[in-house]
Amino acid sequence: MSESNIVNLDLQNFQQVLLEGSKEKLIIIDFWADWCEPCKQLMPVLEKLAIQYSDQIILAKINCDEQQELAAQFGIRSLPTVAFFKDGQPVDSFGGVKTEGEIREILTKHLPSPSDDLIQQAHVAMGEGDTNTAYTLAKQAYDLDNTNMQALKLLAEAAVDAGRLDQAKELVAKIPLVEQDSDYQRIKGKLELAEDAADSPELRALQEQVENNPDDLALKLQLALKFHEANRDEEALQQVFIVLGRDVNFADAKKYALDIINSLPDGDPLAATYRRKLYSTMY
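One structure accompanies this document, and this report is about it. Every chain begins its residue count from 1, and numbering advances along the sequence as written. Residues qualify for local features only when their pLDDT is at least 70, as the model is predicted, and side-chain atom pairs are given and counted only at 80 or more; totals for whole chains, interfaces and linings, by contrast, use all residues. Calculated side-chain values reflect all of the structure's heavy atoms, with hydrogen atoms and water omitted.

With that settled, the discussion passes to the state of the cysteines. Cysteine sulfur atoms are paired as a disulfide whenever they come within 2.5 Å of each other. Taken as a whole and judged by the stated rule, the model has one disulfide. Disulfide partner of Cys 36: Cys 39, at an S-S distance of 2.3 Å. Every disulfide takes its handedness from the sign of the S-S torsion; for Cys 36 and Cys 39 that torsion is 85°, giving right-handed. Comparing Cys 36 with Cys 39, the two get one shared label, buried. Exposed residues in this analysis have more than 50% of their type's maximum accessible area, buried residues have under 20%, and partly exposed residues fall in between, with area computed by a 1.4 Å probe over protein chains only.

With that out of the way, let us pick up the environment of Ile 187. Along the polypeptide, Ile 187 turns up in helix H9 (residues 182-197). By relative accessible area, which is 2% here, Ile 187 ends up buried. For the pair Ile 187 and Ile 106, spaced 81 residues apart in the sequence, the C-alpha separation amounts to 34 Å. Residues in contact with Ile 187, not counting those within four places in the same chain, are Lys 153, Ala 156, Glu 157 and Val 172. Per the convention used, a helix needs a DSSP run of H or I reaching at least four residues, while a strand needs a run of E reaching at least two, with both numbered from the N terminus. Here, residues are in contact when the closest pair of their heavy atoms is within 4.5 Å.

Within the span of helix H4 (residues 100-110), buried status applies to Ile 103, Ile 106 and Leu 107. Within H4, the buried residues cover an arc of 100° as seen down the axis, which keeps them to one side. Across H4 from its buried face, at more than 90 degrees, point the exposed residues Glu 105, Thr 108 and Lys 109. Buried positions along H4 lie against strand S2 (26-32), helix H2 (37-52), strand S3 (57-63), strand S4 (81-86) and strand S5 (89-95). Here, the arc refers to the directions that run from the helix axis to the C-beta atoms.

Here a cavity means grid points, on a 1 Å grid over the protein atoms only, where a 1.4 Å probe fits yet cannot get out; a pocket means an open set of points with protein on both sides within 12 Å along at least five of seven lines; lining residues are those with an atom within 4 Å of a point. Grid points are joined across faces, edges and corners, and a volume is the space filled by probe spheres set on the points. Counted as a void, the largest pocket has a volume near 170 Å³. Considering the residues around the largest pocket, the lining is formed by 13 residues, among which Gly 163, Leu 165, Asp 166, Arg 232 and Glu 235 are closest to the centre. Secondary structure elements with two or more residues in the lining of the largest pocket: helix H8 (165-174) and helix H12 (233-246). Residues that form the lining of the largest pocket fall into these classes: two nonpolar, two polar and nine charged. Polar here means any residue outside two lists: the nonpolar Ala, Val, Leu, Ile, Met, Phe, Trp, Tyr, Cys and Pro, and the charged Asp, Glu, Lys and Arg; Gly therefore counts as polar.

This paragraph deals with the nonpolar core. Residues Leu 171, Leu 237, Val 240, Phe 241 and Leu 244 are the most contacted members of the largest nonpolar core, which totals 55 residues. The element best represented in this core is helix H7 (residues 149-161), accounting for nine residues. In terms of nonpolar packing, the next biggest core, distinct from the first, is built from 17 residues, Leu 46, Ile 57, Ile 106 and Leu 107 among them. To define a nonpolar core, start from buried Ala, Val, Leu, Ile, Met, Phe, Trp, Tyr and Cys residues and group those joined through side-chain atoms within 4.5 Å.

This part takes up the pattern of salt bridges. Just to be clear on terms, a salt bridge is a Lys or Arg side-chain nitrogen sitting within 4 Å of an Asp or Glu carboxyl oxygen. A complete count under the given rule lists 22 salt bridges for this structure. One salt bridge in this structure joins Glu 157 and Lys 190, with 2.8 Å as the shortest N-O distance. Here Glu 157, found in helix H7, pairs with Lys 190, found in helix H9; they are 33 residues apart in sequence, far enough to count as distant. Relative accessible area serves as the criterion here: at 27%, Lys 190 is assigned to the partly exposed category. Arg 204 serves as the salt-bridge partner of Asp 199, at 3.3 Å between the closest nitrogen and oxygen. By relative accessible area, which is 41% here, Arg 204 ends up partly exposed. Several salt bridges converge on common partners, so that one network encompasses Glu 157, Asp 161, Asp 183, Arg 186 and Lys 190.

Structure follows, in structure tokens:
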């Protein structure tokens, strides 16, 4: 258990800790004095949180009796006082004693959420054209916090790129009016283009042939492959499973089902649904 992120602040290390340190971490400054009983109640709580969030927090303690010049610079009038700094600027503060839960609430406003790192990684994967990884990371971020509009938009875009157009439409519909910015318009336009591309004349002609020849299993497999090529994987799997329902050993139907399922991004609910379905069909 490291306590290297708990420091005593003085005039010598003030600039390094507050100005330099706050570029990397949230700085919590605890103004205290030895005669102050409430300070002694609060300090162990702050130290516990600092140790728990050691990668994200520096707890800087200022003994106001010993560092009167520093305390005066901050205009401290009562103890205990706690101030929060990020990028060299004050972002929050409170006076008196607060419970651990109350302090945690303040921290959640200023610390990155667990989904932020996943969102960043998903952006990188998307930029590199790694569609499946981008989708998986965006889905994990959204599952962690479905109120995060950045995660919602990113997952909607990743779903378009992965050909999960029905899911993308559902996600786009969840974006509230206040969040319908330029990113929203871009994702919506991307979705409309993908829908147009996924509905080719050749595909429509093959669908018509299947409707006219409902017992032709080979034709259904052809349609399944065409759907898969157009990133319409749910419809592709529906066709394959109609074939498997009629004849579990027909041609390469099992192989096609497995290939399509394995091509889906990790975390795609469609993959889990059809893996279970394939297992029950085969066993």
